[in-house]
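Residues per chain, in single letters:
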Amino acid sequence: MAEITAALVKELREKTGAGMMDCKKALNEAAGDLEAAVDWLRKKGLAAAAKKAGRVAAEGLVGAAVEGNRGALVEVNSETDFVSRNDKFQGLVSTLAGLALQANGDVAALAASAFPGTGRTAGEEVTQLVATIGENISLRRSAALSVSNGVVAAYVHSPVAAGLGKIGVLVAVESTGDKAKLEAFGKQVAMHIAAARPDALHIADVDASNLERERAVLVEQARASGKPEAIIEKMVEGRIRKYYEEVVLHEQVWVLDGETKVRAAIEAAAKDAGAPVTVTGFVRFVLGEGIEKEQGDFAAEVAATLGR
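Residues numbered from 1 in each chain as written. Predicted model: local features only at pLDDT ≥ 70, side-chain atom pairs only at ≥ 80, totals over all residues. Heavy atoms only, no water.

Attention now moves to the sheet that holds strand β5 (residues 137-146). An order of β5-β2-β1-β7 is seen for the four strands of this open sheet, with the pairing classed as antiparallel. Both outer strands of the open sheet, β5 and β7 (164-165), are each paired with one neighbouring strand and no more. As judged from the nine bridges shared by strand β1 (residues 59-67) and strand β2 (residues 70-78), these two strands associate in the antiparallel manner. Among the inter-strand pairings, Val62 is bridged to a residue of β2, identified as Glu75. Sheet strands touched by helix α5 (residues 87-102): β1, β2, β5 and β7. Its angle to β2, the strand with the most contacts, is close to 140 degrees. (Pairing = 2+ DSSP bridges. Helix = DSSP H or I, 4+ residues; strand = E, 2+ residues; numbered from the N terminus. Contact = heavy atoms within 4.5 Å. Axes fitted to C-alpha atoms, helices over the stretch in contact; angles between N-to-C directions.)

Here it is in C-alpha coordinates:
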(Lines give C-alpha, C1' and ligand atoms only; values in the text may rest on other atoms or scores of the structure.)
Protein backbone atom coordinates (compact mmCIF):
# COMPACT_ATOMS: atom_id res chain seq x y z
CA MET A 1 0.00 0.00 0.00
CA ALA A 2 1.35 3.39 -0.99
CA GLU A 3 1.86 5.95 1.79
CA ILE A 4 -1.04 8.41 2.02
CA THR A 5 0.94 11.64 1.99
CA ALA A 6 -0.26 15.23 2.16
CA ALA A 7 0.91 15.73 -1.42
CA LEU A 8 -1.18 12.75 -2.60
CA VAL A 9 -4.30 14.05 -0.85
CA LYS A 10 -3.66 17.49 -2.33
CA GLU A 11 -3.35 16.04 -5.84
CA LEU A 12 -6.58 14.05 -5.48
CA ARG A 13 -8.44 17.10 -4.22
CA GLU A 14 -7.23 19.18 -7.17
CA LYS A 15 -8.33 16.46 -9.58
CA THR A 16 -11.79 15.93 -8.14
CA GLY A 17 -12.80 18.96 -6.08
CA ALA A 18 -13.78 16.61 -3.22
CA GLY A 19 -13.17 17.49 0.43
CA MET A 20 -9.85 16.68 2.06
CA MET A 21 -11.22 14.06 4.44
CA ASP A 22 -13.14 12.38 1.61
CA CYS A 23 -9.94 12.34 -0.43
CA LYS A 24 -8.03 10.80 2.44
CA LYS A 25 -10.72 8.12 2.88
CA ALA A 26 -10.76 7.41 -0.86
CA LEU A 27 -6.99 6.93 -0.92
CA ASN A 28 -7.20 4.57 2.05
CA GLU A 29 -9.95 2.58 0.30
CA ALA A 30 -7.86 2.47 -2.89
CA ALA A 31 -4.63 1.50 -1.07
CA GLY A 32 -2.99 4.71 -2.25
CA ASP A 33 -3.83 4.25 -5.96
CA LEU A 34 -4.66 7.78 -7.16
CA GLU A 35 -6.78 6.85 -10.18
CA ALA A 36 -8.69 4.18 -8.23
CA ALA A 37 -9.37 6.82 -5.58
CA VAL A 38 -10.80 9.14 -8.25
CA ASP A 39 -13.17 6.35 -9.32
CA TRP A 40 -14.12 5.62 -5.68
CA LEU A 41 -15.10 9.26 -5.14
CA ARG A 42 -17.12 9.32 -8.36
CA LYS A 43 -18.95 6.11 -7.44
CA LYS A 44 -19.87 7.65 -4.08
CA GLY A 45 -21.06 10.81 -5.82
CA LEU A 46 -18.36 12.86 -4.12
CA ALA A 47 -16.60 14.00 -7.27
CA ALA A 48 -17.90 15.32 -10.56
CA ALA A 49 -16.85 13.46 -13.70
CA ALA A 50 -13.85 15.12 -15.27
CA LYS A 51 -12.53 14.36 -18.75
CA LYS A 52 -9.05 15.34 -17.87
CA ALA A 53 -7.44 15.93 -14.48
CA GLY A 54 -4.58 18.06 -13.32
CA ARG A 55 -5.32 21.19 -15.33
CA VAL A 56 -3.38 23.48 -13.02
CA ALA A 57 -2.54 26.90 -14.51
CA ALA A 58 0.96 27.75 -15.72
CA GLU A 59 2.02 30.98 -17.36
CA GLY A 60 3.12 31.88 -20.88
CA LEU A 61 1.31 31.76 -24.23
CA VAL A 62 -0.11 29.45 -26.85
CA GLY A 63 0.69 30.55 -30.41
CA ALA A 64 -1.10 29.61 -33.64
CA ALA A 65 0.00 29.96 -37.26
CA VAL A 66 -1.76 28.97 -40.50
CA GLU A 67 -0.31 28.96 -44.00
CA GLY A 68 -2.29 27.58 -46.92
CA ASN A 69 -3.45 24.07 -46.07
CA ARG A 70 -1.24 23.79 -42.95
CA GLY A 71 -1.50 25.00 -39.39
CA ALA A 72 0.54 24.72 -36.20
CA LEU A 73 0.28 25.39 -32.48
CA VAL A 74 3.03 25.93 -29.91
CA GLU A 75 3.02 26.39 -26.15
CA VAL A 76 5.79 28.38 -24.54
CA ASN A 77 5.80 28.61 -20.74
CA SER A 78 7.12 31.30 -18.43
CA GLU A 79 7.18 31.68 -14.66
CA THR A 80 4.86 34.69 -14.47
CA ASP A 81 1.95 36.09 -16.43
CA PHE A 82 3.83 39.41 -16.54
CA VAL A 83 6.29 37.90 -19.03
CA SER A 84 3.46 36.87 -21.38
CA ARG A 85 2.75 40.59 -21.86
CA ASN A 86 6.36 41.29 -22.81
CA ASP A 87 6.78 42.24 -26.50
CA LYS A 88 9.96 40.16 -26.87
CA PHE A 89 8.26 37.09 -25.42
CA GLN A 90 5.24 37.54 -27.67
CA GLY A 91 7.53 37.93 -30.67
CA LEU A 92 9.32 34.71 -29.70
CA VAL A 93 6.10 32.72 -29.47
CA SER A 94 4.77 34.12 -32.73
CA THR A 95 7.96 33.25 -34.58
CA LEU A 96 8.06 29.78 -33.04
CA ALA A 97 4.50 29.14 -34.23
CA GLY A 98 5.55 30.02 -37.78
CA LEU A 99 8.62 27.78 -37.54
CA ALA A 100 6.44 24.94 -36.23
CA LEU A 101 4.74 24.87 -39.63
CA GLN A 102 8.07 23.94 -41.24
CA ALA A 103 8.85 21.44 -38.47
CA ASN A 104 5.43 19.79 -38.92
CA GLY A 105 4.70 20.14 -35.23
CA ASP A 106 7.77 18.16 -34.09
CA VAL A 107 9.00 20.01 -31.01
CA ALA A 108 12.56 18.62 -31.25
CA ALA A 109 12.81 19.63 -34.91
CA LEU A 110 11.37 23.02 -34.00
CA ALA A 111 13.99 23.57 -31.30
CA ALA A 112 16.72 22.71 -33.83
CA SER A 113 15.31 25.09 -36.48
CA ALA A 114 17.22 28.22 -37.44
CA PHE A 115 15.70 31.25 -35.71
CA PRO A 116 15.44 34.08 -38.28
CA GLY A 117 18.04 36.86 -38.15
CA THR A 118 19.97 35.55 -35.15
CA GLY A 119 22.36 32.82 -36.26
CA ARG A 120 20.91 30.75 -33.42
CA THR A 121 18.53 27.81 -33.30
CA ALA A 122 15.03 28.25 -31.89
CA GLY A 123 16.12 26.42 -28.75
CA GLU A 124 19.12 28.70 -28.35
CA GLU A 125 16.89 31.75 -28.87
CA VAL A 126 14.68 30.59 -26.01
CA THR A 127 17.80 30.31 -23.82
CA GLN A 128 18.90 33.76 -24.95
CA LEU A 129 15.57 35.26 -23.90
CA VAL A 130 15.88 33.60 -20.50
CA ALA A 131 19.11 35.55 -19.98
CA THR A 132 17.51 38.76 -21.27
CA ILE A 133 14.27 38.59 -19.27
CA GLY A 134 15.72 36.89 -16.20
CA GLU A 135 12.97 34.32 -15.90
CA ASN A 136 12.79 30.67 -16.86
CA ILE A 137 11.15 30.09 -20.27
CA SER A 138 10.53 26.73 -21.93
CA LEU A 139 9.28 25.53 -25.30
CA ARG A 140 6.88 22.89 -24.02
CA ARG A 141 5.04 21.39 -27.01
CA SER A 142 4.00 21.80 -30.61
CA ALA A 143 1.52 20.22 -33.03
CA ALA A 144 0.54 20.61 -36.67
CA LEU A 145 -2.26 19.61 -39.04
CA SER A 146 -2.54 19.63 -42.82
CA VAL A 147 -5.01 18.67 -45.56
CA SER A 148 -4.64 17.76 -49.23
CA ASN A 149 -7.71 19.79 -50.23
CA GLY A 150 -9.52 22.20 -47.97
CA VAL A 151 -8.39 24.35 -45.07
CA VAL A 152 -6.77 24.26 -41.67
CA ALA A 153 -8.49 26.79 -39.43
CA ALA A 154 -7.11 28.25 -36.21
CA TYR A 155 -8.83 29.92 -33.28
CA VAL A 156 -7.20 31.61 -30.29
CA HIS A 157 -9.50 32.47 -27.41
CA SER A 158 -9.19 35.99 -25.96
CA PRO A 159 -5.99 36.80 -27.90
CA VAL A 160 -3.47 39.18 -26.32
CA ALA A 161 -2.03 39.72 -29.82
CA ALA A 162 -2.65 38.20 -33.25
CA GLY A 163 -2.48 34.41 -32.92
CA LEU A 164 -1.44 34.49 -29.25
CA GLY A 165 -3.50 33.58 -26.19
CA LYS A 166 -4.08 30.96 -23.53
CA ILE A 167 -6.27 28.56 -25.52
CA GLY A 168 -5.50 27.63 -29.12
CA VAL A 169 -7.31 25.25 -31.48
CA LEU A 170 -6.54 23.88 -34.94
CA VAL A 171 -9.12 22.13 -37.13
CA ALA A 172 -8.45 20.29 -40.40
CA VAL A 173 -11.35 20.49 -42.87
CA GLU A 174 -10.99 18.36 -46.01
CA SER A 175 -13.12 19.48 -48.98
CA THR A 176 -12.96 20.75 -52.56
CA GLY A 177 -15.75 23.24 -51.82
CA ASP A 178 -15.74 27.01 -51.67
CA LYS A 179 -12.58 28.00 -49.78
CA ALA A 180 -13.98 31.10 -48.09
CA LYS A 181 -16.99 29.17 -46.78
CA LEU A 182 -14.74 26.35 -45.59
CA GLU A 183 -12.53 28.81 -43.72
CA ALA A 184 -15.57 30.38 -42.02
CA PHE A 185 -16.92 26.96 -41.04
CA GLY A 186 -13.50 25.76 -39.86
CA LYS A 187 -13.26 28.78 -37.57
CA GLN A 188 -16.70 27.94 -36.14
CA VAL A 189 -15.66 24.34 -35.46
CA ALA A 190 -12.47 25.56 -33.78
CA MET A 191 -14.52 27.87 -31.55
CA HIS A 192 -16.82 24.96 -30.71
CA ILE A 193 -13.84 22.78 -29.75
CA ALA A 194 -12.40 25.54 -27.55
CA ALA A 195 -15.68 25.64 -25.62
CA ALA A 196 -16.84 21.99 -25.71
CA ARG A 197 -13.44 20.28 -25.20
CA PRO A 198 -13.96 17.02 -27.12
CA ASP A 199 -11.43 14.23 -26.65
CA ALA A 200 -12.09 12.28 -29.84
CA LEU A 201 -13.25 12.89 -33.40
CA HIS A 202 -15.52 9.82 -33.76
CA ILE A 203 -16.93 7.21 -31.35
CA ALA A 204 -14.42 4.70 -32.75
CA ASP A 205 -11.60 7.03 -31.68
CA VAL A 206 -12.52 7.05 -27.97
CA ASP A 207 -9.71 5.61 -25.88
CA ALA A 208 -10.69 2.03 -24.95
CA SER A 209 -9.27 2.24 -21.43
CA ASN A 210 -11.14 5.49 -20.74
CA LEU A 211 -14.37 3.93 -21.99
CA GLU A 212 -13.88 0.82 -19.86
CA ARG A 213 -13.21 2.95 -16.83
CA GLU A 214 -16.27 5.11 -17.48
CA ARG A 215 -18.46 2.02 -17.91
CA ALA A 216 -17.23 0.56 -14.60
CA VAL A 217 -18.13 3.76 -12.78
CA LEU A 218 -21.55 3.93 -14.43
CA VAL A 219 -22.31 0.30 -13.57
CA GLU A 220 -21.59 0.97 -9.89
CA GLN A 221 -23.72 4.11 -9.94
CA ALA A 222 -26.60 2.25 -11.61
CA ARG A 223 -26.42 -0.68 -9.16
CA ALA A 224 -26.79 1.77 -6.30
CA SER A 225 -30.36 2.29 -7.56
CA GLY A 226 -31.23 -1.28 -6.57
CA LYS A 227 -32.84 -2.04 -9.92
CA PRO A 228 -32.61 -5.45 -11.68
CA GLU A 229 -29.50 -6.20 -13.77
CA ALA A 230 -31.46 -6.02 -17.05
CA ILE A 231 -32.59 -2.50 -16.21
CA ILE A 232 -29.11 -1.59 -15.01
CA GLU A 233 -27.67 -2.64 -18.37
CA LYS A 234 -30.09 -0.34 -20.22
CA MET A 235 -29.33 2.49 -17.81
CA VAL A 236 -25.60 2.10 -18.41
CA GLU A 237 -25.97 2.03 -22.19
CA GLY A 238 -28.03 5.23 -22.04
CA ARG A 239 -25.38 6.90 -19.92
CA ILE A 240 -22.62 5.72 -22.28
CA ARG A 241 -24.46 7.50 -25.09
CA LYS A 242 -24.45 10.62 -22.91
CA TYR A 243 -20.71 10.09 -22.34
CA TYR A 244 -20.14 10.02 -26.10
CA GLU A 245 -22.09 13.27 -26.41
CA GLU A 246 -19.65 14.82 -23.96
CA VAL A 247 -16.33 13.60 -25.39
CA VAL A 248 -16.85 12.89 -29.13
CA LEU A 249 -16.83 15.88 -31.47
CA HIS A 250 -19.35 14.51 -33.97
CA GLU A 251 -21.76 13.57 -31.15
CA GLN A 252 -21.61 16.90 -29.30
CA VAL A 253 -24.33 19.52 -29.48
CA TRP A 254 -23.24 22.34 -31.79
CA VAL A 255 -22.48 25.30 -29.50
CA LEU A 256 -23.54 27.83 -32.12
CA ASP A 257 -27.22 26.87 -31.89
CA GLY A 258 -27.38 24.61 -28.82
CA GLU A 259 -29.65 22.17 -30.64
CA THR A 260 -28.16 20.24 -33.58
CA LYS A 261 -25.26 17.79 -33.43
CA VAL A 262 -21.87 18.73 -34.85
CA ARG A 263 -22.28 16.03 -37.51
CA ALA A 264 -25.44 17.80 -38.72
CA ALA A 265 -23.56 21.11 -38.82
CA ILE A 266 -20.91 19.43 -41.01
CA GLU A 267 -23.61 18.16 -43.38
CA ALA A 268 -25.07 21.66 -43.62
CA ALA A 269 -21.61 23.10 -44.29
CA ALA A 270 -21.14 20.64 -47.16
CA LYS A 271 -24.33 21.88 -48.83
CA ASP A 272 -23.23 25.47 -48.34
CA ALA A 273 -19.72 24.84 -49.70
CA GLY A 274 -20.96 22.84 -52.66
CA ALA A 275 -18.90 19.70 -51.92
CA PRO A 276 -18.56 17.00 -49.22
CA VAL A 277 -16.90 18.24 -46.03
CA THR A 278 -14.92 16.07 -43.63
CA VAL A 279 -13.34 17.20 -40.38
CA THR A 280 -10.20 15.05 -40.36
CA GLY A 281 -8.55 16.20 -37.14
CA PHE A 282 -8.22 18.78 -34.40
CA VAL A 283 -5.74 19.92 -31.78
CA ARG A 284 -6.58 21.92 -28.65
CA PHE A 285 -3.87 23.46 -26.46
CA VAL A 286 -4.75 24.97 -23.09
CA LEU A 287 -1.93 26.91 -21.47
CA GLY A 288 -0.47 25.02 -18.52
CA GLU A 289 -2.66 21.95 -19.05
CA GLY A 290 -1.26 19.21 -16.80
CA ILE A 291 1.44 21.38 -15.22
CA GLU A 292 1.29 21.57 -11.44
CA LYS A 293 2.54 24.66 -9.66
CA GLU A 294 3.61 24.95 -6.05
CA GLN A 295 0.83 25.91 -3.64
CA GLY A 296 2.58 26.02 -0.30
CA ASP A 297 -0.28 27.32 1.84
CA PHE A 298 -2.74 24.71 0.60
CA ALA A 299 -0.21 21.92 1.11
CA ALA A 300 0.27 23.08 4.69
CA GLU A 301 -3.51 22.99 5.17
CA VAL A 302 -3.66 19.40 3.95
CA ALA A 303 -0.70 18.40 6.13
CA ALA A 304 -2.42 19.89 9.16
CA THR A 305 -5.59 17.94 8.41
CA LEU A 306 -3.58 14.72 8.24
CA GLY A 307 -1.83 15.58 11.48
CA ARG A 308 1.63 15.58 9.86
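For the pair helix α2 (residues 20-29) and helix α3 (residues 34-43), interaxial distance at closest approach is 8 Å and the crossing angle is 120 degrees. Accordingly, the angle class assigned to the pair α2 and α3 is oblique. Crossing of α2 against α3: the hand is right-handed. Of the residues in α3, those touching α2 at Asp22, Cys23, Lys25, Ala26, Leu27 and Glu29 are Leu34, Ala37, Trp40 and Leu41. Partitioning the contact of α2 with α3 into residue classes produces seven nonpolar, no polar and three charged. (Parallel < 35°, antiparallel > 145°, perpendicular 65-115°, else oblique. Left-handed = near helix turned anticlockwise from the far one by under 90°. Nonpolar A, V, L, I, M, F, W, Y, C, P; charged D, E, K, R; others polar.)

Note on placement: Asp39 falls in helix α3. For Asp39, a relative accessible area of 14% corresponds to the buried category. Apart from residues lying up to four places away in sequence, Asp39 is in contact with Arg213 and Val217. (Buried < 20%, exposed > 50% of the residue type's maximum accessible area, 1.4 Å probe, protein only.)

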